[in-house]
Amino acid sequence: MRRLRNVKIVATLGPASETYDMIRALHEAGADVFRLNMSHGSHEEIREKHRIIRQIEKELSSPIAILADLQGPKLRVGVFANEAEELVDGAAFRLDLNEAAGDVTRVCLPHPEIFAALEPGSTLLVNDGKIRLRVEDCGADFANCVVVNGGTISNRKGVNVPDVVLPLAALSEKDRDDLEFVCGLGVDWLALSFVQRPEDVHEARELAQGRAAILSKIEKPAAVEAFDDILEVSDGIMVARGDLGVELPVSHVPPIQKRLVRKCRFAAKPVIVATQMLESMIESPMPTRAEVSDVSNAIYEGADAIMLSAESAAGHFPIEAVGTMNAVAEEVESDPTYRQIIEASRSAPRSSVADAIVAAAREVAETTEVQAICSFTESGTTALKIARERPRVPIIAMTSLRGTARRLALSWGTNCVMTDELSRFKGAVVAAARAATSHGYAGPEDQIVVTAGLPFNVPGTTNILRVTSCDERLIYNTETE
């Protein structure tokens, strides 16, 4: 299904969007990737959503990516005898391993690994940062704190520890079970929550065994600090601004977002900007102006994808939310300023033949009447490198591997077309011309750029660039084998 924009849209599925009719409507409205949030729903419910997506994909002959978002370890306080207490500024408050119900002076924090990492002066945030505690004294099973910012604390509220690296694995036992389940289903991307270090990504990759690409969620200050190393071992990145905005001053998040998006583009790895993009559309059919500006900024920055969470999963207007994102993206990308910003921020490495080929393909497309760049790709790497160039013409990723086509549905500007395995270059050129014309990217009288690698069907061999007519008669008359 051809889009009139390059940035991709990720829509989270949930109670408001779990039927065949709704999921198909979301795809037709603009959703390119569907996110399955493993924090909610049983395995059977996840299985049914997966089945529906694959059915729609088959009916529309449109590769759709499925992203399974693992929950990650959840740090929460215990329960209170009165269910809730009011903490006042300056009061003393103790966290410990005692499972007895809490009161206004203390509560259980059933995570000894937190106490092991704390030091006097460390900060603890409760209930999305609404309550701030400063550690005065701590040991292996307690932390005596002073309330810096008070408020209502209630049963099982979440805890954030922003200024220490916790000795926690990114994958809980639930995550391991969920990972094996969704990889068995055949999802395309795994999103890892609570990533703090590259070792967290290695662990997930070993468990996935190549069955899904690994996307690291950046939502901890430690992940920002170690970002270059995390990016190197990840297949993609999500800038998860929710927890990031809790654990860091909110004023720090916009420049971090811009910096991470640019680094991902330089590395030719897709990046999603997520969280609260159209939050008001959970309850309203119209977004706020600030939300539209937020979505626009992510697109101007060059993000590969923008994401809806509760807006499409539990909101009253999921189709309108996707439609709004789609409309904003089309408007931004038609703005001459967008093209100026995207091209001014281009800074791709030239360290391989493939890098040179894709840069040349973009330059040819910008200086001639070429209508599209057709890239034959086995692993998807060449298509990702072309996407990094942010060309002015459409990118058609040609692959015989369904998994590659699905994963590329997350990448900027890539339009995936399935093709048979090829052994001769002339056949590849003909297949590219047919794809360009049949999908409306070019007419028979137009020209396209074709990139490929010989020998065929071997990852990492891109070594050919050819400008060719879409007229098959001319191809057969002029092309060599």
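Model, not experiment: these values are computed from the prediction.

**Student:** Got a minute to help me understand the pairing of strand β18 (residues 395-399) in this structure?
**Tutor:** Regular strands show a simple pattern: their side chains alternate between the two faces of the sheet. The buried count for β18 comes to 5 of 5 residues, which makes it a mostly enclosed element. Both faces of β18 are covered, namely the face carrying Ile-395, Ala-397 and Thr-399 and the face carrying Ile-396 and Met-398. Bridge analysis of strand β17 (residues 373-376) against β18 gives 4 bridges, and the strand direction is parallel. Residue pairing across strands places Ser-375 opposite Ala-397, the latter belonging to β18. Running through helix α15 (residues 381-389), the crossover from β17 to the neighbouring parallel element β18 is right-handed. Following the chain from β18 across helix α16 (residues 402-408) to the adjacent parallel strand β19 (residues 414-418), one finds a crossover that is right-handed.

**Student:** What am I meant to see in the packing of aromatic side chains here?
**Tutor:** Describing an aromatic ring pair means giving the distance of the ring centres and the angle of the ring planes. If you walk through the whole model with that rule in mind, you get 2 aromatic pairs. Between Tyr-300 and Tyr-338, the ring centres sit 6.2 Å apart and the planes meet at 55°, which makes this aromatic pair tilted. Here Tyr-338 lies in helix α13 (residues 336-344) and Tyr-300 lies in helix α10 (residues 289-301), a separation of 38 residues in the sequence. Take Tyr-338: its relative accessible area is 1%, and that puts it in the buried class.

**Student:** Explain the nonpolar core to me, please; I cannot follow it from the model alone.
**Tutor:** Looking at soluble globular proteins, one finds that nonpolar side chains tend to be buried together. By size, the foremost hydrophobic cluster in this structure holds 80 residues, and its most contacted members are Phe-34, Leu-190, Ile-299 and Ile-306. Excluding its chain neighbours within four sequence positions, the residues that come into contact with Phe-34 are Ala-11, Leu-13, Ile-23, Leu-26, His-27, Ile-53, Ile-64, Ala-65, Ile-66 and Leu-67. Val-77, Val-107, Val-126 and Val-135 belong to the second largest nonpolar core, which has 27 residues in total.

**Student:** Help me out: how do you make sense of the sheet that holds strand β2 (residues 33-37) in this one?
**Tutor:** Each strand in a sheet pairs with another by means of backbone hydrogen bonds, the pair being arranged parallel or else antiparallel. Spatial strand order, β1-β2-β3-β12-β13-β14-β15-β16: 8 strands in a closed barrel with parallel pairing. Each neighbouring strand pair of the sheet contributes to a mean axis angle of 25°, computed without reference to strand direction. Bridging between strand β14 (residues 236-240) and strand β15 (residues 271-274) involves 4 bridges; their strand directions are parallel. In the sheet register, Val-239 faces β15, and the bridge partner there is Val-273. Along the sheet face, helix α12 (residues 318-333) touches β1 (8-13) and β16 (305-308) and points at about 160° away from the line of β16.

**Student:** Explanation requested: the pattern of salt bridges in the structure shown.
**Tutor:** Taken as a whole and judged by the stated rule, the model has 35 salt bridges. Of the charged contacts, one joins Glu-343 and Arg-392 as a salt bridge, the two residues approaching to 2.7 Å between their closest N and O atoms. Here the residue Glu-343 occupies a position in helix α13, and Arg-392 occupies one in the loop between α15 and β18, the gap between them amounting to 49 residues. On the basis of relative accessible area, Arg-392 is assigned to the exposed category, the value being 51%. Beyond isolated ion pairs, a larger network of salt bridges with shared partners links Arg-54, Glu-57, Asp-188 and Arg-406.

**Student:** When you look at the sheet that holds β18 in this model, what are you seeing that I'm missing?
**Tutor:** Ordered in space as β19-β18-β17-β20-β21, the 5 strands form an open sheet in which the pairing is mixed. Edge positions in the sheet fall to β19 and β21 (462-469), since each has one partner strand and no second. Between one strand and the next, the sheet's axes are offset by a mean angle of 25°, whatever the strand orientation. Packed on one face of the sheet, α15 meets β17, β18, β19, β20 (447-453) and β21 and runs near 150° to β17. Here helix α17 (residues 425-438) sits on the sheet in contact with β17, β18, β19, β20 and β21, set at roughly 135° to β20.

**Student:** Explain α12 to me, please; I cannot follow it from the model alone.
**Tutor:** Each α-helix turn comprises 3.6 residues. Residues three or four places apart therefore point the same way. Between the first and last C-alpha of α12 there are 23 Å, a value that for 16 residues agrees with the 22 Å anticipated at 1.5 Å per step. Buried within α12 we find Pro-318, Ala-321, Val-322, Thr-324, Met-325, Asn-326, Val-328, Ala-329, Val-332 and Glu-333.

**Student:** Mind showing me how you'd approach the packing of helix α2 (residues 43-60) against helix α4 (residues 173-185) here?
**Tutor:** Packed helix pairs are specified by the crossing angle of their axes together with the interaxial distance, meaning the distance between the axes. Relative to each other, α2 and α4 sit at 25°, their axes nearing to 11 Å. As judged from the angle between their axes, α2 and α4 are roughly parallel. Judged by the sense of rotation from one axis to the other, the crossing of α2 with α4 is right-handed. Between α2 and α4, the residues in contact are His-43, Ile-46, Arg-47 and His-50 and Asp-177, Asp-178, Phe-181, Val-182 and Leu-185, respectively. Of the residues contributing to the contact of α2 with α4, the split by class is 4 nonpolar, 2 polar and 3 charged.

The rules behind these values
- Residues numbered from 1 in each chain as written.
- Predicted model: local features only at pLDDT ≥ 70, side-chain atom pairs only at ≥ 80, totals over all residues.
- Heavy atoms only, no water.
- Buried < 20%, exposed > 50% of the residue type's maximum accessible area, 1.4 Å probe, protein only.
- Helix = DSSP H or I, 4+ residues; strand = E, 2+ residues; numbered from the N terminus.
- Pairing = 2+ DSSP bridges.
- Right-handed = clockwise from strand over helix to strand, strands pointing away.
- Phe/Tyr/Trp six-rings, centres within 6.5 Å; stacked < 30°, edge-to-face > 60°.
- Core = buried A, V, L, I, M, F, W, Y, C linked by side-chain atoms within 4.5 Å.
- Contact = heavy atoms within 4.5 Å.
- Axes fitted to C-alpha atoms, helices over the stretch in contact; angles between N-to-C directions.
- Salt bridge = Lys/Arg side-chain N within 4 Å of Asp/Glu carboxyl O.
- Expected span 1.5 Å × (residues − 1).
- Parallel < 35°, antiparallel > 145°, perpendicular 65-115°, else oblique.
- Left-handed = near helix turned anticlockwise from the far one by under 90°.
- Nonpolar A, V, L, I, M, F, W, Y, C, P; charged D, E, K, R; others polar.

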